[in-house]
Amino acid sequence: MQINQSYPLVRKRRLRDSSAILSLVCENKLTTDDLIYPMFVIEGKNKKQDIKSMPGICRLSSDLLLKEIERLVTIDIKAIALFPIISQNKKSLKAKEAYNQQGLIPQTIKEIKKNFPHILVITDIALDPYTIHGQDGIIDNKSYVLNDETIQVLVQQALCHSEAGADIVAPSDMMDGRIISIRRALEANNFPLTKILSYSAKYASSFYGPFRDALNNSENLGKANKNTYQMNPANSDEALYEAGMDIQEGADILMVKPAMMYLDIVYKIKQNFKTPVFAYNVSGEYSMIKAASNAGFLDEKKTVLETLLSIKRAGADAILSYHSKDVALWLNQP
Ligand code: PBG
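Participant: I tried to follow the overall build of the protein on my own but got confused; where do I start?
Facilitator: A tally of helices and strands in the protein yields 12 helices and 10 strands. The globule rule puts the C-alpha radius of gyration for 334 residues at 20 Å, and the 21 Å found for the protein is close to it. For the protein, the proportion of its 334 residues judged to be buried stands at 53%. Counting contacts in the protein only where the partners sit at least 6 residues apart, residues at least 24 apart contribute 74% of the total. With the model as given, the accessible surface of the protein reaches about 16400 Å², and the carbon-plus-sulfur share is 51%. Side chains of the protein give 40 positive and 38 negative charges; the mean places of these two sets differ by 5 Å.

Right under this line is the structure:
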């Protein structure tokens, strides 16, 4: 970009002296079209549990979840992402509950689709809620997460969710080759329109802590980490390679996760591939702003709107955020 004129011919502040002119030259705008709301579902009826590290977010049983969705629809939220809390007695080494058609997620999807056929339902394809050790896959006797064995279970899980009516399956596990395996299985089983939202660049991040609390998974995982499959936060070329592979393997939309600390990755993937990119404004990012706002250190509404707008400006087409409900309410009442 070459700039030949300078001050005083150019005064950039001319375009900042009224809200009217600011709105005419505004480059990016956040709307309810950009929002996806992640939700935690628990077994049982009429159950609502607060999540200590995520003020304002609850685990809900499916009956209460439906009531919440009814409210979400009225404030123009068009998509939700479901995460299950699985009771310890249903967890296993082989994660069989992950593809039980009578299980919590498939049953919840069916109820949602019966009552709200138009809301997009995104489900997480990963085994961590279902394994006793809290890893996203099947492990060997040295606790190493096995790639190809895990993919076989992920494929069953993706088919099970599609069968139940999920619109979008979102593999968040980072196994190599899971996208092509899931895509082939969806094609072979007559689900040609099920969309795959691939967590292409999912980093081994400390910002997932509150989410693991929400799933009651922190104890299962113990001191172990996910560094043998999630990406090293130091790398960005690698994210482009992962994204390219996922597109070739049949992903429809790519995801970058976390979002706030990884805006460069969102930008690069969008610039390079010109394909839909979503960003996951994860639990720890939510908790940080919530905690600072609750302490009176930050203005919550302004900080959240600036954060989500920045994620959009970096190139995200949509944002998964625990702030989505608040944001939709704020955008509805200017
Ligand atoms: C696991 C999964 C995680 C999140 C979504 N899916 C956590 C992890 O990888 O341990 C984190 C989301 C968040 O922090 O909000 N498949």
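Read on, since the account is not over.
Participant: So what exactly am I meant to see when it comes to the environment of P210 here?
Facilitator: If you trace the backbone, P210 turns up in helix α6 (residues 209-214). For the pair P210 and N100, spaced 110 residues apart in sequence, the C-alpha to C-alpha distance is 27 Å. For P210, the residues in contact, after removing those within four places along its chain, are I51, S53, M54, S283, G284 and S287.

Participant: Can you help me understand the site of the ligand in this one?
Facilitator: As a matter of local geometry, the ligand sits amid 18 residues, with R212, K226, K257, S283 and Y322 nearest to it. Here D136 contributes a side-chain N or O atom positioned 3.1 Å from a nitrogen atom of the ligand. Separating an oxygen atom of the ligand from a side-chain N or O atom of R212 is a distance of 2.7 Å. Across the complex, the protein chains shield 100% of the 400 Å² of accessible surface that the ligand would expose by itself.

Participant: Hey, could you run me through the pattern of salt bridges in this one?
Facilitator: Where charged atoms from two side chains of opposite charge come close, those side chains can pair. In the structure shown here, the tally under the stated rule is 15 salt bridges. D34 is the salt-bridge partner of K312, the closest N and O atoms lying 3.3 Å from each other. One end of the pair, K312, is in helix α11 (residues 300-314); the other, D34, is in the loop between α1 (19-24) and β1 (35-42), with 278 residues separating them in the sequence. Accessibility assignment for this pair places K312 and D34 in one class, buried. Taking the shortest distance from any N to any O, the salt bridge between K290 and E300 comes out at 2.7 Å. Taken together, the residues span a long stretch of sequence, with K290 in helix α10 (residues 283-294) and E300 in helix α11 at a distance of 10 residues. Accessibility assignment for this pair places K290 and E300 in one class, buried.

Participant: Please explain the pairing of strand β8 (residues 253-257) as it appears in this structure.
Facilitator: The side chains of a regular strand alternate between both faces of the sheet. Of all the five residues making up β8, five are buried; the element is thus mostly covered by neighbouring parts of the structure. Pairing between strand β7 (residues 195-202) and β8: five bridges, direction parallel. Bridge pairing in β8 places S198 opposite L254. In terms of strand pairing, β8 meets strand β9 (residues 277-281) through three bridges, oriented parallel. Among the inter-strand pairings, V256 is bridged to a residue of β9, identified as A279. The β-α-β motif built from β8, the intervening helix α9 (residues 263-273) and the parallel element β9 has right-handed crossover chirality.

Participant: Could you clarify how one ought to interpret the nonpolar core in this entry?
Facilitator: Soluble, globular proteins show a tendency: their nonpolar side chains are buried together. If you look at the biggest cluster of nonpolar residues, it comprises 102 residues, and the most contacted ones within it are F40, I69, I80, L82, I112 and Y280. Setting aside its immediate chain neighbours within four residues, I80 contacts I36, Y37, M39, I69, L72, I112, I119, L120, V121 and I122.

Each value, and the rule that gives it
- Residues numbered from 1 in each chain as written.
- Predicted model: local features only at pLDDT ≥ 70, side-chain atom pairs only at ≥ 80, totals over all residues.
- Heavy atoms only, no water.
- Helix = DSSP H or I, 4+ residues; strand = E, 2+ residues; numbered from the N terminus.
- Rg over C-alpha atoms; globule rule 2.2 N^0.38 Å.
- Buried < 20%, exposed > 50% of the residue type's maximum accessible area, 1.4 Å probe, protein only.
- Contact = heavy atoms within 4.5 Å.
- Areas by Shrake-Rupley, 256 points an atom, 1.4 Å probe, with all protein chains shown as cover.
- Lys, Arg positive; Asp, Glu negative; His and termini not counted.
- Charge placed at Lys NZ, Arg CZ, Asp CG, Glu CD.
- Near = heavy atom within 4 Å.
- Polar contact = N/O pair within 3.5 Å; in protein donor to acceptor, adjacent residues only side chain to side chain.
- Salt bridge = Lys/Arg side-chain N within 4 Å of Asp/Glu carboxyl O.
- Pairing = 2+ DSSP bridges.
- Right-handed = clockwise from strand over helix to strand, strands pointing away.
- Core = buried A, V, L, I, M, F, W, Y, C linked by side-chain atoms within 4.5 Å.

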